[in-house]
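A closer look at the structure
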Amino acid sequence: MDKQALKETAQKLMAGDKGLLAMDESVATCNKRFAEAGIPQTIEYRRKYRELIVTTPKLGECISGAILFDETTKQSAADGTSFIDLLVKGGIIPGIKLDEGAKDQPAFPGEKITEGLDGLRERLKDYAAAGLKFAKWRAVITIAADIPTDANIYANAHALARYAALCQEAGVVPIVEPEVLMDGDHTIERCFEVTQRVLHIVFEVLIAQRVYLEGMILKPNMVLSGLNAVVQADVDTVADETVKCLLRCVPAAVPGVAFLSGGQSAQDASAHLSAMHSKYKNKLPWALTFSFARAVQQPAMEYWAGKDENVAVAQQLLYKRASINNAARRGEYSPELEKE
Ligand SMILES: O=P(O)(O)OC[C@H]1O[C@](O)(COP(=O)(O)O)[C@@H](O)[C@@H]1O
């Protein structure tokens, strides 16, 4: 394992005030988002949309790395330049989603286990040869009355750790994403309790599987009230609880934490990230940034709506959302920025 190279890639991904752009929606997820925005759900529209993203002017000023889905790694812009080449030319490190989706875990009603380990060593060789420098694997943890069970958390942590070790063997930086879903009417306290348990177990198993902590990135959920909770925690509480939970669970050796957005509005996600920085400036052992999909892409996708004439403005909206999150990473987000 080339530890130095892994560490350097992880540090480049976390550099300055930049963040990661998750544009790795599986076909099913991308089609779901397209359907909501009235966009045809075909391979050509997915290609056009990804072309819109990777050709966005100056995106590399705001985004250090982009996570791609397998289909996208093989696609090119209308002029024939591959998306991977376009990203690299724009100063953005290309990465790849390696999991093959969260499936029902047998004997554990309501819980999911992520698949994709079979053949992963061979897939990694091909992706590394294609120039993909980092990867992502998402585990999904659900909160409900009697779940998550420890058995489910351990099963997912084990898959995450085996994936991460294989990535590092191939010289690819693993992003480890244990997502505790927002869905439900649970309190922020319950989200804290579950997220803390999940992160403790994930790091226990990562360490047991000899994952090199300096050469990985954690992609967690923020600690939030459930989407349908009667009482919604305010921005300061979310920032405090999220930082408290991470400080308890994430070793200082890990170079970076990059949040998923998980269904928060774009504005909420930016406000929460910004509050963590303004309140805990210079008190955090790791870089803290974003790896949002919806919270960066949503306004651009909705404006585009599948129409060529909307591409330029949609790209401006994408750039704007990304740069607002740079401001959040500096602790400088304010709702005024939304109006500019
Ligand atoms: O298509 P999948 O594999 O269900 O993943 C859905 C999305 O979840 C993420 O992990 C997080 O996305 P959000 O920021 O929208 O929550 C993305 O990287 C990914 O595109």
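Before reading on, note that the structure itself is shown above.
The structure reproduced in this document is the subject of the present report. (Residues numbered from 1 in each chain as written. Predicted model: local features only at pLDDT ≥ 70, side-chain atom pairs only at ≥ 80, totals over all residues. Heavy atoms only, no water.)

Quick look at the sheet that holds strand E7 (residues 173-180)
The eight strands lie next to each other as E1-E2-E3-E6-E7-E8-E9-E10, forming a closed barrel whose pairing is parallel. Both strand E1 (residues 19-23) and strand E2 (residues 63-68) contribute to a ladder of five bridges, which runs parallel. Residue alanine 22 lies in a different strand from E2, and its bridge partner there is isoleucine 67. Here helix H8 (residues 188-208) sits on the sheet in contact with strand E6 (134-141), E7 and strand E8 (217-218), set at roughly 150 degrees to E7. (Pairing = 2+ DSSP bridges. Helix = DSSP H or I, 4+ residues; strand = E, 2+ residues; numbered from the N terminus. Contact = heavy atoms within 4.5 Å. Axes fitted to C-alpha atoms, helices over the stretch in contact; angles between N-to-C directions.)

Examining the pairing of strand E9 (residues 256-259)
Judged by which residues are buried, E9 turns out to be covered on both faces: Gly256 and Ala258 on one side and Val257 and Phe259 on the other are all buried. In this structure, E8 lies alongside E9, joined through two bridges in parallel fashion. Across the sheet, residue isoleucine 217 finds its bridge partner in E9, namely glycine 256. Note on the crossover from E8 through helix H9 (residues 235-249) to E9: the handedness is right-handed. In terms of strand pairing, E9 meets strand E10 (residues 287-292) through four bridges, oriented parallel. Paired with glycine 256 across the two strands is alanine 287, which belongs to E10. In terms of handedness, the path from E9 via helix H10 (residues 266-279) over to E10 forms a crossover that is right-handed. (Buried < 20%, exposed > 50% of the residue type's maximum accessible area, 1.4 Å probe, protein only. Right-handed = clockwise from strand over helix to strand, strands pointing away.)

Observations regarding empty space enclosed by the protein
By the definition in use, this model includes one cavity of 30 Å³ or more. As a volume, the largest cavity reaches approximately 40 Å³. Around the largest cavity, the lining residues are Glu179, Val180, Met182, Asn221, Met222, Leu224, Leu260, Ser261 and Gly262. Of the residues in the lining of the largest cavity, the class split is five nonpolar, three polar and one charged. (1 Å grid on protein atoms, 1.4 Å probe; cavity = no way out; pocket = protein on both sides within 12 Å on 5 of 7 lines; lining within 4 Å. Points joined across faces, edges and corners; volume = space filled by probe spheres on them. Nonpolar A, V, L, I, M, F, W, Y, C, P; charged D, E, K, R; others polar.)

A short note on the environment of tyrosine 303
Structurally, the position occupied by tyrosine 303 is in helix H11 (residues 294-304). According to the relative accessible area criterion, tyrosine 303 is partly exposed, its value standing at 38%. Each C-alpha atom, one on tyrosine 303 and one on leucine 317, is 8.3 Å from the other, the two residues being 14 residues apart in sequence. Excluding its chain neighbours within four sequence positions, the residues that come into contact with tyrosine 303 are Asn310, Val313, Ala314 and Leu317.

Let's talk about the layout of surface pockets
Here the largest pocket defines a volume of roughly 840 Å³. In this structure, the largest pocket is lined by 32 residues; those nearest its centre are Thr29, Arg33, Arg138, Glu179 and Arg294. Across the lining of the largest pocket, the residue classes break down as eight nonpolar, nine polar and 15 charged. Here the second largest pocket defines a volume of roughly 190 Å³. As for the second largest pocket, its lining consists of His277, Tyr280, Lys281, Asn282, Leu284, Trp286, Ala287, Leu288, Arg329, Arg330 and Gly331. In terms of residue class, the lining of the second largest pocket is built from five nonpolar, three polar and three charged.

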